[in-house]
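# Summary of structural features
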Amino acid sequence: MEGQIAAAAALLQQSRQAVALTGAGLSTPSGIPDFRSPSSGVWEKVDPMAVASLAAFRRHPQAFFDWVRPLTNTILTAQPNAAHLALAHLECYGPLKAIITQNIDMLHTRAGSKTVYEVHGHLREATCMSCGQVRAAEPFLIQVIEAKTIPVCPQCGGVMKPNVILFGEALPWSVFQQAQSAAATCDLMLVAGSSLEVAPVGDLPYLAKRNRARLIIINYGETHLDGLADIIIRGNVAEVLPLLVQSFLPQS
Ligand SMILES: [Zn+2]
């Protein structure tokens, strides 16, 4: 693995405009389960479409909040891990211009990263399903965790939905456009902790490759884009990313 990390560091040296694409694997070392993965256990008792789709949320918000409660609690108490910190470092001192993330846990921004495109939304804000008012989500989430009730809009009494993208819901358009543009113009894409299974985000490396960007994939499992990658590193992102950033920035 040392040789691959050195080779990846050499690609970073040549890069002027790198973009990272991160997924659930980046946050599992912080204790957040990969809730799209069947092996995470999150879906053992419920059908995702029955609780975490937009249609289900509208029909039966209590079931959604009952399901999301333990996950919310985990996310609110989780800390960024060495992989998040390494990427924040690479933005500050290296060629990394943006992070495109499928994660809703806000750990990249908490680690200090500045340009983060949260294409599947985030738990920072919540939107009223009736009047559309957007508010900070934390007080509502704490209410969900502690009082186990449905959070409602202080203005109109409508149900407050966290700004996470549910199944059957469109991605936030302007955020996804910015992510697409970052992918299409980068000269290096670093995929970390994503199996690239969820479209359309999983297809962004194609845009990078069309611009002749280099592609580095750091992930435990295989991805459908491994054939396009210049370097593949199979390992724990919380170990590999710090080593990569250290060999790129040995003085820091
Ligand atoms: Zn409202």
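Here we summarise the structure given alongside this text.

Rules of the game
- Residues numbered from 1 in each chain as written.
- Predicted model: local features only at pLDDT ≥ 70, side-chain atom pairs only at ≥ 80, totals over all residues.
- Heavy atoms only, no water.
- Helix = DSSP H or I, 4+ residues; strand = E, 2+ residues; numbered from the N terminus.
- Expected span 1.5 Å × (residues − 1).
- Buried < 20%, exposed > 50% of the residue type's maximum accessible area, 1.4 Å probe, protein only.
- Contact = heavy atoms within 4.5 Å.
- Polar contact = N/O pair within 3.5 Å; in protein donor to acceptor, adjacent residues only side chain to side chain.
- Pairing = 2+ DSSP bridges.
- Axes fitted to C-alpha atoms, helices over the stretch in contact; angles between N-to-C directions.
- Core = buried A, V, L, I, M, F, W, Y, C linked by side-chain atoms within 4.5 Å.

## Notes on helix α5 (residues 82–93)
The end-to-end C-alpha distance of α5 is 16 Å, a good match for the 16 Å that 12 residues give at a rise of 1.5 Å each. For α5, the full list of buried residues reads A83, H84, A86, L87, A88, L90 and E91. Buried residues belonging to α5 abut α1 (2–14), β1 (18–22), β2 (96–101), α6 (107–110), β7 (188–192) and α10 (237–248). The opening residue of α5 is N81, an N-cap whose side-chain oxygen sits 2.7 Å from the backbone nitrogen of A83.

## With respect to the sheet that holds strand β9 (residues 231–233)
As summarised here, the arrangement of the 6 strands in space is β3-β2-β1-β7-β8-β9, forming an open sheet in which the pairing is parallel. Sheet topology places β3 (116–118) and β9 at the edges, where each strand pairs with a single neighbour. Between one strand axis and the next, the sheet turns by 15° as a mean value, whatever way the strands run. Bridge analysis of β7 against strand β8 (residues 214–218) gives 5 bridges, and the strand direction is parallel. Within β8, the residue paired with L190 across the bridge is I216. On top of the sheet, α1 reaches β7, β8 and β9; it is set at about 130° to β9, its chief contact.

## A few points about the nonpolar core
Ranked by size, the top nonpolar core spans 28 residues in total, and within it L87, L190, I216, I218, L241 and L244 carry the most contacts. With near-sequence residues (within four places) excluded, I216 lies in contact with A8, L11, L188, M189, L190, V191 and I231. Of all hydrophobic cores here, the second largest spans 27 residues; its members include F57, F65, L107 and L141.

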